[in-house]
Amino acid sequence: MAEADPPKPPSRPARGRYHHGDLRAALVAAAEEILVDKGVDGFTLREAARRVGVSPAAPAHHFGDVAGLLTEVAILGFEELTRHLEEGNQRGGPDPAARLREQGIGYVRFALAYPARFQLMFRREKLRADDPRLKAAGHAAYMALEAAVRDVAGFAPDRPLDRAVFASVLGAWSLVHGFAHLALDGEFDGLAGEGGRDAFIQAMLPDVVALVAPPRR
C-alpha cells in the first residue's frame with residue numbers, strides 16, 4: 001500500500017526573534033524543540049524563554065506554569081492526531097475495515113512526524129488533566145477511533161459503550177499505540193533491512209492493523 005510522505009514537523013523558531021503578537025506560538029514551538037532535545041522530564045519554562053529570547057517570566061505570564069505550556073503542546077497533538085485519523089477515513093473510502101486500517105496507519109504516521117507531541121500527550125501527570133480544551137481534543141481523537149471500530153465490528157452508533165464495544169476500541173488503540181512506540185524506540189531498526197525503518201513500517205503496518213480489521217473477502 002503506497003503512502004504519501006509523512007508531514008514535516010513544524011520548523012523551529014528563530015531564537016531570540018518573534019513577531020509581535022506571536023509570543024505564545026513561539027513559546028509553544030520552543031517547548032516542542034526542548035521536548036525533542038531533552039524529553040518531558042528535562043523541560044523547563046526558563047529554557048523555553050531562553051530559546052525564544054524573552055525574560056524568564058514571560059512563559060509564566062502566558063501559560064501560568066510548566067503544565068500550562070505543556071498542555072498547549074498536548075492539545076495541538078490531539079488536534080493533529082484527529083486530523084490524521086480523519087484523513088485515514090477518507091483514504092479508506094466506503095469499506096469500514098479499510099477505514100480502520102488507514103486510521104491505524106495515520107496514527108503511526110502522526111507519532112513519527114510529531115514524536116515530541118506524541119510522547120507528551122499521554123503523560124497526564126505533566127499536564128493540566130482537567131483542562132476543558134485538552135479533554136475536548138482528546139475526546140475528539142478517541143471518538144474518531146471509536147466510530148471506526150464500531151463500523152468494522154457492526155456495533156450501532158447509538159449502542160452504549162458496553163464491555164464488548166470498549167474491548168474492541170481498546171484492542172485497536174493498543175495495537176497502533178504500541179506499534180508507534182516500538183517504532184520510535186528503534187525496535188524495528190534491526191529488522192528494517194536495506195530499505196530502512198520507514199520502508200519497513202510502510203510495508204508491515206497495513207498487515208499488522210489488518211489483525212483487528214481484516215479486509216473484506
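Definitions and cut-offs
- Residues numbered from 1 in each chain as written.
- Predicted model: local features only at pLDDT ≥ 70, side-chain atom pairs only at ≥ 80, totals over all residues.
- Heavy atoms only, no water.
- pLDDT = per-residue confidence, 0-100.
- Helix = DSSP H or I, 4+ residues; strand = E, 2+ residues; numbered from the N terminus.
- Contact = heavy atoms within 4.5 Å.
- Expected span 1.5 Å × (residues − 1).
- Polar contact = N/O pair within 3.5 Å; in protein donor to acceptor, adjacent residues only side chain to side chain.
- Buried < 20%, exposed > 50% of the residue type's maximum accessible area, 1.4 Å probe, protein only.
- Patch = residues over 30% accessible without salt bridge, like charges linked within 9 Å, V, L, I, M, F, W, Y side chains within 5 Å.
- Areas by Shrake-Rupley, 256 points an atom, 1.4 Å probe, with all protein chains shown as cover.
- Salt bridge = Lys/Arg side-chain N within 4 Å of Asp/Glu carboxyl O.
- 1 Å grid on protein atoms, 1.4 Å probe; cavity = no way out; pocket = protein on both sides within 12 Å on 5 of 7 lines; lining within 4 Å.
- Points joined across faces, edges and corners; volume = space filled by probe spheres on them.
- Core = buried A, V, L, I, M, F, W, Y, C linked by side-chain atoms within 4.5 Å.
- Axes fitted to C-alpha atoms, helices over the stretch in contact; angles between N-to-C directions.
- Left-handed = near helix turned anticlockwise from the far one by under 90°.
- Nonpolar A, V, L, I, M, F, W, Y, C, P; charged D, E, K, R; others polar.

**A short note on the confidence of the model for the protein chain**
On average, residues of the protein chain score 87 in pLDDT, and 88% of them are at 70 or above. Taken element by element, the predicted model of the protein chain shows its lowest mean pLDDT in helix α9 (residues 196-209) (84) and its highest in helix α4 (residues 66-92) (97). Below pLDDT 50 for its whole length, residues 10-16 participates in 17 contacts with residues either more than four positions away or in separate chains.

**Remarks on α4**
Its 27 residues place the ends of α4 39 Å apart at the C-alpha level, agreeing with the 39 Å of an ideal helix rising 1.5 Å per residue. At the N-terminal boundary of α4, the capping side chain belongs to Asp 65, with an oxygen 3.3 Å from the backbone nitrogen of Ala 67. Just downstream of α4 lies Gly 93, where phi reads positive at about 70°.

**Side note on the environment of Asp 37**
Assignment of secondary structure puts Asp 37 in helix α1 (residues 23-38). We classify Asp 37 as partly exposed; its relative accessible area is 39%. Distance from Asp 37 to Ala 116, taken between C-alpha atoms, is 9.1 Å for residues 79 residues apart in sequence. A polar contact is formed between the side chain of Asp 37 and the side chain of Arg 51, at a distance of 2.8 Å.

**Some details on a nonpolar patch on the surface**
A contiguous nonpolar patch, built from Leu 161, Phe 166 and Leu 170 and spanning about 240 Å² of accessible area, is present on the exposed surface. Locating Leu 170 in the fold gives a position in helix α8 (residues 163-184).

**Describing empty space enclosed by the protein**
Taken as a whole, this structure holds one cavity of 30 Å³ or more when the rule is applied. Considered as a void within the structure, the largest cavity measures approximately 60 Å³ in volume. Lining of the largest cavity is provided by Leu 100, Gln 103, Gly 104, Tyr 107, Leu 145, Ala 172, Val 176, Val 209 and Val 212. For the lining of the largest cavity, the secondary-structure elements that each account for two or more residues are α5 (96-113) and α8.

**Things to note about the nonpolar core**
Core analysis: the largest hydrophobic core is formed by 53 residues, its most contacted members being Leu 35, Phe 43, Leu 69, Leu 120 and Ile 201. With residues up to four places along the chain from it excluded, the contact list for Ile 201 reads Val 108, Leu 112, Phe 179, Ala 183, Phe 188 and Pro 206. Membership of the second largest hydrophobic core comes to nine residues, among which are Leu 100, Val 149, Phe 155 and Val 165.

**Some details on the environment of Ala 74**
Within the secondary structure, Ala 74 is located in helix α4. Residue classification places Ala 74 among the buried positions, given a relative accessible area of 0%. Apart from the residues within four sequence positions on either side, Ala 74 is in contact with Leu 120, Met 121, Leu 127 and Leu 134.

**Comments concerning the packing of α5 against α9**
For the pair α5 and α9, the least separation of the axes is 9 Å and the interaxial angle reads 150°. In the packing of α5 onto α9, the handedness of the crossing is right-handed. Here Leu 100, Arg 101, Gly 104, Ile 105, Val 108 and Leu 112 of α5 come into contact with α9, specifically with Arg 197, Ile 201, Leu 205, Pro 206 and Val 209. Classifying every residue of the contact of α5 with α9 by side-chain character gives eight nonpolar, one polar and two charged.

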